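# Report on the structure
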Amino acid sequence: MISYIGLDAHSATCTAVVVNEKGDILCRKTFPTTESQLVSFLEGIPGVKHLTFEECHLAQWLYVTLVEHVDQLLVCNPVYVAKKQGAKTDFRDALHLAQELRTGHLKPVHHEESRWIELRVLTNNYLALIEEIVRTKNRLKAVFRSEAIDTNSRGFYSDRARAKELSHDSAKFVAESLFDQIDRLEKTKGEYREFFQKNVKKYKPIRNLTSVPGIDLVRANIITAVVCTPHRFKNKHLFWGYCMLVRHIQMSGGRIYGNRRIHGRAELRDVFLGAAESALRTETSLRKYYEALRAKGVDHKDAKIALARKIAALCLCLLKNNDTFHDDFDVQQNRRTEARKSLNLDVTL
């Protein structure tokens, strides 16, 4: 018998519901979120156990804790979980997950037990720090713009004397406080970069990625942390979708209703588009690739996105083959492809 387990996990408590192959509820329980309680609950379930829970801040810890205690574990993407009617409760959420797992309607999110977890924690919090810096800077500008004071001068965010231009004491206090916050956040950002620099020596994939034009220290760390296992992408097209660098046409009844970007990792999209911008300032084959597209009549935006896709494909190839980038990388790659084809032909014959 197969037991399908839906787990609605929170920091304090977890609610689990077990259903059988027919969808009948076999068990429901709420217990504290501790390793011993989770393991004890799973060990009390007989037969084959299939478990699911939504991607959240606890997902990696839950995965590492529970993966050895079930026959199949699926961390599902909450974006693709079907909506349900009625009031929202922990029991209903757990039951819904169990039923969706039973019917095979859940989309998995990649998790693994690997050395990259430490790097993922670092990069995730670095990206959160960058978002906080942007928000704080926007709030600071808003204080000045509320009095029609220009904020486009160079070095505005580090010029604390600008607070004196405000008309009343409360606005000056808020501005000085925001200047202090930005200073502290920027200092913390520099400390993160020190860790990223150490990772270049610690992790060879990061070192390999920094050889690609446009991929700097921070971008190499982010790509390595998010991708983790490059071989889970069968080809570059799947990777482009994961990086949100392609759009899919929506069609029904023979009519096209526009296109949309599939759900993926927005941070990778930002990284590769930023890398494309940086690559345009180099004298490499990547710049020549962009210029060739422009010569064919492709506009700047589409050419830049095409260049970002090319850089993404290069990075995936380097991660898979543990290789470094050279300006004639495409030529070398074509030679490898031809060699593989001839080898497969020889084996077939």
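Definitions and limits used
- Residues numbered from 1 in each chain as written.
- Predicted model: local features only at pLDDT ≥ 70, side-chain atom pairs only at ≥ 80, totals over all residues.
- Heavy atoms only, no water.
- Helix = DSSP H or I, 4+ residues; strand = E, 2+ residues; numbered from the N terminus.
- Buried < 20%, exposed > 50% of the residue type's maximum accessible area, 1.4 Å probe, protein only.
- Lys, Arg positive; Asp, Glu negative; His and termini not counted.
- Charge placed at Lys NZ, Arg CZ, Asp CG, Glu CD.
- Axes fitted to C-alpha atoms, helices over the stretch in contact; angles between N-to-C directions.
- Parallel < 35°, antiparallel > 145°, perpendicular 65-115°, else oblique.
- Contact = heavy atoms within 4.5 Å.
- Pairing = 2+ DSSP bridges.
- Salt bridge = Lys/Arg side-chain N within 4 Å of Asp/Glu carboxyl O.
- Core = buried A, V, L, I, M, F, W, Y, C linked by side-chain atoms within 4.5 Å.

This part covers the overall build of the protein. Scanning the protein from N- to C-terminus turns up twelve helices and seven strands. Across its three principal directions, the C-alpha atoms of the protein cover 75 × 65 × 50 Å. Per-residue burial over the protein gives 43% buried out of 349 residues. Distance between charge centroids for the protein: 4 Å, based on 55 positive and 42 negative side chains.

Attention now goes to the packing of helix α5 (residues 169-202) against helix α7 (residues 217-227). Relative orientation and spacing of two packed helices are given, respectively, by the angle between their axes and the distance between those axes. Running from amino to carboxyl end, α5 crosses α7 at an angle of 70°, the nearest separation of the two axes being 9 Å. The angle between α5 and α7 falls in the class roughly perpendicular. Between α5 and α7, the contacting residues are R193, F196, Q197, N199 and V200 on the first element and L217, V218 and N221 on the second.

Let us now look at the sheet that holds strand β2 (residues 13-19). If you trace the five strands from one edge of the open sheet to the other, you get β3-β2-β1-β4-β5, paired in mixed fashion. The sheet is open, and its two borders are formed by β3 (25-32) and β5 (72-76), each paired with just one other strand. Adjacent strand axes in the sheet meet at a mean angle of 20° when their direction is disregarded. By the bridge criterion, six bridges tie strand β1 (residues 2-9) to β2 in an arrangement that is antiparallel.

A word on the pattern of salt bridges. Evaluation of the coordinates by the stated rule reveals eleven salt bridges. Across the salt bridge formed by R265 and E267, the nearest N and O atoms sit 2.6 Å from each other. Ionic pairing is found between E291 and R287, a salt bridge with its closest N-O pair at 2.8 Å. Within this pair, E291 and its partner R287 are both found in helix α10 (residues 285-295), separated by four residues, close to a single helical turn. A residue is classified by how much of its surface remains accessible, and R287, at 25% relative accessible area, is partly exposed. Put simply, K84, K88 and D93 are held in one network by salt bridges that share partners.

Quick look at the pairing of β2 now. Burial analysis of β2 places six of its seven residues in the buried class, which makes it a mostly covered element. Connecting the antiparallel pair β1 and β2 is a turn made up of three residues. Sheet topology places β2 next to β3; seven bridges connect them, and they run antiparallel. Across the sheet, residue V18 finds its bridge partner in β3, namely C27.

Here we come to the nonpolar core. If you look at the biggest cluster of nonpolar residues, it comprises 56 residues, and the most contacted ones within it are I215, I223, F239, L268, F272 and I311. Contributions of two or more residues to this core are made by α4 (116-145), α5, α6 (204-209), α7, α8 (236-242), α9 (266-279), α10 and α11 (300-321). Of all the elements, α11 adds the most residues to this core, at 13 residues. Ignoring any residue separated from it by four or fewer positions in sequence, one finds F239 in contact with V227, F233, L268, F272, A312 and L316. Among the nonpolar cores identified, the runner-up in size contains 21 residues, and C14, V18, F41 and V70 belong to it.

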